[in-house]
Amino acid sequence: MSEESKLKKQWEKTQSAWDDTDFLLNRANAFMKKRWAKLNNNIVDIVGKEVVAKNEYINLLDIGAGRGDFYKNIQNLVKKYTGIEPSEKMLKNEIFEEDFILKRGKGEDLADEQMYDVVLIKEVLDHCYAPEKVIGNAFRALKQGGIIIISLTNKDAYYKKLFKTYAAKLVDTHKDHLYNFNPKEILELLQTAGFTLEKTMATNYLRLPFIVENLVGKLPQGIVFGILDFTDRVGNVFMKNEGGSFIITARKNSF
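Residues numbered from 1 in each chain as written. Predicted model: local features only at pLDDT ≥ 70, side-chain atom pairs only at ≥ 80, totals over all residues. Heavy atoms only, no water.

### Here we look at a nonpolar patch on the surface
Applicable threshold: Like charges within 9 Å and nonpolar side chains (Val, Leu, Ile, Met, Phe, Trp, Tyr) within 5 Å are joined into patches, using only residues over 30% in relative accessible area that form no salt bridge. Working definition of accessibility: Shrake-Rupley area with a 1.4 Å probe, residue cover restricted to the visible protein chains. Each salt bridge in this description consists of a side-chain nitrogen of Lys or Arg and a carboxyl oxygen of Asp or Glu lying within 4 Å of one another. Under the scheme used here, helices are H or I runs from DSSP no shorter than 4 residues and strands are E runs no shorter than 2 residues, and both carry numbers assigned from the N terminus.
Nonpolar side chains collect at one region of the surface, where F230, V234, V237 and F238 lie side by side and expose about 450 Å² of accessible area between them. The residue F230 is located in helix 10 (residues 221-238) in this model.

Okay, structure coming up:
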């Protein structure tokens with residue numbers, strides 16, 4: 001059995017029926033939720049710059065879209081949002097509207113060609129059983145000059161290097177994460193697929209005990225975002241690309 005086949009079997013156990021309801025309701029503290037909101041804001045900023053540069057609304061593909069919640073963040077920026085999601089628990093009913101499509105599917109089987117201005121893979125690629133296929137399919141799905149946005153947790157985060165036992169426990173606990181990536185590895189996958197790197201943004205440098213994070217997370221969103229921005233700026237000076245997460249953008253160049 002090939003390595004991809006083994007990973008696909010693990011994916012079928014952990015991802016094909018994935019549901020994040022319990023995590024959101026019972027395990028995610030207030031700080032985690034605001035950190036997720038900050039990630040969404042960062043991605044909206046990137047998409048917004050594409051809209052300004054093109055001087056027109058865009059077609060966006062969201063791979064691993066879940067319930068399609070991200071659409072609410074960018075509905076004023078897109079001509080059409082298309083989300084694909086493999087889990088029937090996350091996506092009970094497919095939706096086909098003029099500017100909003102949410103359908104069953106996964107990045108490994110994507111066959112669209114030159115349809116989208118932006119492809120978003122948000123906190124998903126490490127759950128895929130064949131990440132290189134997903135990125136290759138995303139390349140084909142983008143129009144010439146289109147951009148891919150990938151966000152992920154960082155296996156080389158500074159705190160994982162400091163607390164190696166804790167990091168190993170995380171890897172062992174997160175069976176749904178079939179891969180663990182750092183920015184360099186994602187860049188290599190993107191370059192192999194034909195992309196040109198635009199930007200790497202290291203984020204989420206701030207890590208606190210769970211109880212403290214929950215208290216900080218209850219502060220007004222603007223204050224929490226300010227704290228996150230400040231710690232990210234400091235972190236990037238002293239520990240470049242070693243934040244807890246990262247966002248990479250790359251472009252399918254026109255020739």
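### A closer look at the environment of E12
The topology assignment puts E12 in helix 1 (residues 3-14). Sequence separation between E12 and Y129 is 117 residues; the distance between their C-alpha atoms is 9.4 Å.

### Description of the sheet that holds strand 3 (residues 95-96)
Heads up, the condition is: Note: two strands are recorded as paired if DSSP finds a minimum of 2 bridges between them.
Across the sheet, eight strands lie side by side as 3-4-2-1-5-6-8-7; this open sheet has mixed pairing. Whereas interior strands pair on both sides, the edge strands pair on one side only; in this sheet they are strand 3 and strand 7 (196-203).

### Here's the deal with the nonpolar core
Using the following cut-off: Only buried Ala, Val, Leu, Ile, Met, Phe, Trp, Tyr and Cys residues count toward a nonpolar core, and they belong to the same one when joined by side-chain atoms within 4.5 Å. Whether a residue is buried, partly exposed or exposed follows from its accessible area with a 1.4 Å probe, protein chains only, as a fraction of its type maximum: under 20%, in between, or over 50%, in that order. We call two residues in contact when some of their heavy atoms are within 4.5 Å.
Ranked by internal contacts, the top residues of the largest apolar core, which has 26 residues, are V119, I121, L125, I148, I150, I186 and L190. Here the element with the most residues in this core is helix 5 (residues 131-141); it accounts for five residues. Look past the residues within four positions of I150 in its chain and what remains in contact with it is I121, L125, I135, I186, L190, F246, I247 and I248. Among the nonpolar cores identified, the runner-up in size contains 23 residues, and A65, Y71, V78 and Y81 belong to it.

### Regarding the environment of D117
Quick note on the threshold: Think of a polar contact as two N or O atoms within 3.5 Å of one another; within protein, one of them needs to be a possible hydrogen donor and the other a possible acceptor, and neighboring residues in sequence only count if both atoms come from side chains.
With respect to the secondary-structure elements, D117 resides in strand 5 (residues 116-122). Each C-alpha atom, one on D117 and one on A53, is 12 Å from the other, the two residues being 64 residues apart in sequence. Those residues in contact with D117, other than ones at most four positions away along the chain, are K54, I58, N59, L142, K143, G146 and I147. A distance of 2.8 Å separates a polar atom in the side chain of D117 from the backbone nitrogen of N59.

### Side note on unusual backbone geometry
Even without being glycine, Q114 reaches a positive phi, approximately 45°. Positionally, Q114 belongs in the loop between strand 4 (100-104) and strand 5. With a phi close to 60°, N204 is a non-glycine residue in the positive phi region. When you line up the elements, N204 lands in the loop between strand 7 and helix 9 (210-217).

### Let's talk about helix 8 (residues 183-193)
Note: α-helices contain 3.6 residues per turn, so residues at a spacing of three or four share the same orientation. To keep things clear, this is the line we draw: The arc under discussion is defined with respect to the helix axis, by the directions toward the C-beta atoms.
Residues P183, I186 and L190 constitute the buried set of helix 8. Buried residues in helix 8, looked at end-on, bunch into an arc of 65°, giving them a common side. Along helix 8, exposed side chains directed more than 90 degrees from the buried face belong to K184 and T192. Contact partners of the buried residues in helix 8: helix 5, strand 6 (142-153), strand 7 and strand 8 (245-251). At the N-terminal end of helix 8, a side-chain oxygen is found 3.2 Å from the backbone nitrogen of K184, two or three residues along, and the residue is N182. At the exit of helix 8 stands G194, carrying a positive phi of roughly 115°.

### Here we look at helix 10
For clarity, the threshold we go by: Helix span, expected: 1.5 Å multiplied by one less than the number of residues in the helix.
For helix 10, built from 18 residues, the straight-helix expectation of 26 Å at 1.5 Å per residue is met to within 8% by its first-to-last C-alpha distance of 26 Å. When we look at burial in helix 10, the residues that qualify are V224, F225, L228, T231, D232 and G235. Viewed along the axis of helix 10, the buried residues span an arc of 135°, placing them on a single side of the element. Facing away from the buried side of helix 10 by more than 90 degrees, the exposed set consists of G222, R233, V237 and F238.

### Regarding the packing of helix 3 (residues 30-54) against helix 9
Our working rule: All axes here are fitted lines through C-alpha atoms, helices being fitted over the stretch that makes contact, and every angle between N-to-C directions spans 0 to 180 degrees. Oblique is the label for any angle not under 35 degrees, not over 145, and not in the 65 to 115 range, which are roughly parallel, roughly antiparallel and roughly perpendicular in turn. Here the nonpolar group is Ala, Val, Leu, Ile, Met, Phe, Trp, Tyr, Cys and Pro; Asp, Glu, Lys and Arg are the charged ones; every other residue, Gly included, is treated as polar.
Running from N to C, helix 3 and helix 9 cross one another at 60°; their axes reach a closest spacing of 6 Å. Classed by the angle they form, the pair helix 3 and helix 9 counts as oblique. Facing helix 3, whose interface residues are A30, F31, M32, K34 and R35, helix 9 presents F210, E213, N214, V216 and G217. Taken together, the residues of the contact of helix 3 with helix 9 break down into five nonpolar, two polar and three charged.

### Topic: the packing of helix 5 against helix 8
The criterion, for reference: Should the near helix be turned counterclockwise from the far one by less than a right angle, the crossing is left-handed, whereas a clockwise turn marks it as right-handed.
Two elements in contact, helix 5 and helix 8, have axes separated by 9 Å at closest approach and are oriented at 50°. As the angle between them shows, helix 5 and helix 8 are arranged oblique. In the packing of helix 5 onto helix 8, the handedness of the crossing is right-handed. Mapping the contact onto sequence places P131, E132, I135, G136 and F139 in helix 5 and L189, L190 and A193 in helix 8.

Function-wise, these values are silent; they only describe arrangement.
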